[in-house]
Amino acid sequence: MLYDWIIDVLFWVAVAFLVAVYVSWRATRLDRLHVRVETARAALDAALVRRAAVALELAASRLLDPATSLVLATAAHEARTADAESREFAESDLSRALRAVVDQPDFADTLKAKGDGEVVLDELGGAAAKVVYARRFYNDAVAQARTARRKTLIRVLPLAGRAPLPDFFEIDDDPPLALRG
């Protein structure tokens, strides 16, 4: 009789322990996904700032005509100074401005013929490509975190804590055709 009772207690202790380990594992995984989202967001922000800085450098380089420089500088400045709500729109506007400037007929060849034009174009191409990759990586991390948070266990037990549900970052990030490589 006592032996059966000890077996029952050990069984339920083992079940409780396994459930606790599983819940802890899920909470740790969710935490890692949130850290991944934050890291990816920081990388995306850095890539966006770098692209805007290179666009400003191109606008200030005196390699462009004044009107083109003004359009590019305005779009880059607005992208760098935009608040959280208007950031996606400002970054999309910068992408469109870059395409309008760089995809002009013979623009790349003309710029490459001028002093540092080729270096600036290479930098701009690299910065634009990094934005594309950083945004994809960030949105992938957000998708995985949102999928994990939809699980029943995560919702029943508040394993996400007070962490806000991450949002996707949707912008027009297509680089100019002349910079695609």
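Calculation rules
Residues numbered from 1 in each chain as written. Predicted model: local features only at pLDDT ≥ 70, side-chain atom pairs only at ≥ 80, totals over all residues. Heavy atoms only, no water. Helix = DSSP H or I, 4+ residues; strand = E, 2+ residues; numbered from the N terminus. Buried < 20%, exposed > 50% of the residue type's maximum accessible area, 1.4 Å probe, protein only. Patch = residues over 30% accessible without salt bridge, like charges linked within 9 Å, V, L, I, M, F, W, Y side chains within 5 Å. Areas by Shrake-Rupley, 256 points an atom, 1.4 Å probe, with all protein chains shown as cover. Salt bridge = Lys/Arg side-chain N within 4 Å of Asp/Glu carboxyl O. Lys, Arg positive; Asp, Glu negative; His and termini not counted. Charge placed at Lys NZ, Arg CZ, Asp CG, Glu CD. Core = buried A, V, L, I, M, F, W, Y, C linked by side-chain atoms within 4.5 Å. Contact = heavy atoms within 4.5 Å. Polar contact = N/O pair within 3.5 Å; in protein donor to acceptor, adjacent residues only side chain to side chain. Axes fitted to C-alpha atoms, helices over the stretch in contact; angles between N-to-C directions. Parallel < 35°, antiparallel > 145°, perpendicular 65-115°, else oblique. Left-handed = near helix turned anticlockwise from the far one by under 90°. Nonpolar A, V, L, I, M, F, W, Y, C, P; charged D, E, K, R; others polar. Expected span 1.5 Å × (residues − 1).

## Description of unusual backbone geometry
Reasoning step 1: Residue R62 is not a glycine yet carries a positive backbone phi of 65°.
Reasoning step 2: Mapped onto the secondary structure, R62 falls in the loop between α1 (2-60) and α2 (66-81).
Reasoning step 3: The class for R62 is exposed, based on a relative accessible area of 78%.
Reasoning step 4: A positive phi angle is found at D106, which is not glycine, with a value near 60°.
Reasoning step 5: Along the polypeptide, D106 turns up in the loop between α3 (87-102) and α4 (107-113).

## Details of a positive patch on the surface
Reasoning step 1: On the surface, R29, R32, R150 and K151 cluster together into a patch of positive charge.
Reasoning step 2: Structurally, the position occupied by R32 is in helix α1.

## What to know about a nonpolar patch on the surface
Reasoning step 1: Residues L2, W5, I6, V9, L10 and V13 make up a contiguous nonpolar surface patch of about 610 Å² in total accessible area.
Reasoning step 2: Note that I6 resides in helix α1.

## Some words on the nonpolar core
Reasoning step 1: L72 and L94 are the most contacted members of the largest nonpolar core, which totals 26 residues.
Reasoning step 2: Elements that contribute at least two residues to this core include exactly α1, α2, α3, α4 and α5 (117-149).
Reasoning step 3: A per-element tally of this core places α3 first, with six residues.
Reasoning step 4: Apart from residues no more than four positions distant in its own chain, L72 is found in contact with A55, L58, A59, L64, L94, A97, L98 and V101.

## Focus: the side chain of S69
Reasoning step 1: Within the fold, S69 resides in helix α2.
Reasoning step 2: By relative accessible area, which is 10% here, S69 ends up buried.
Reasoning step 3: Here the side chain of S69 touches A59 through a polar contact of 3.1 Å, landing on its backbone oxygen.
Reasoning step 4: Other than its neighbours up to four places away in sequence, S69 contacts A59 and L64.

## Some words on the packing of α1 against α2
Reasoning step 1: One way to put it is that α1 packs onto α2 with a least axis distance of 8 Å and a crossing angle of 155°. On the basis of the axis angle, α1 is roughly antiparallel to α2. Both α1 and α2 take part in a crossing whose hand is left-handed. Contacts from A52, A53, A55, L56, L58 and A59 in α1 reach S69, L72, A73, A76, H77 and R80 in α2.
Reasoning step 2: Partitioned by chemical class, the residues of the contact of α1 with α2 number nine nonpolar, two polar and one charged.

## Comments concerning the environment of D109
Reasoning step 1: Along the chain, D109 turns up in helix α4.
Reasoning step 2: Taking the relative accessible area as the measure of exposure, D109 reaches 54% and is therefore exposed.
Reasoning step 3: Sequence spacing of D109 and S61 is 48 residues, and the spatial spacing of their C-alpha atoms is 16 Å.

## Things to note about α2
Reasoning step 1: The end-to-end C-alpha distance of α2, which contains 16 residues, comes to 22 Å, matching closely the 22 Å that a straight helix rising 1.5 Å per residue would cover.
Reasoning step 2: Lining the buried residues of α2 we find α1 and α3.
Reasoning step 3: For α2, the N-terminal cap is D65; the gap from its side-chain oxygen to the backbone nitrogen of A67 is 3.3 Å.

Any functional reading would require information beyond the geometric quantities listed.
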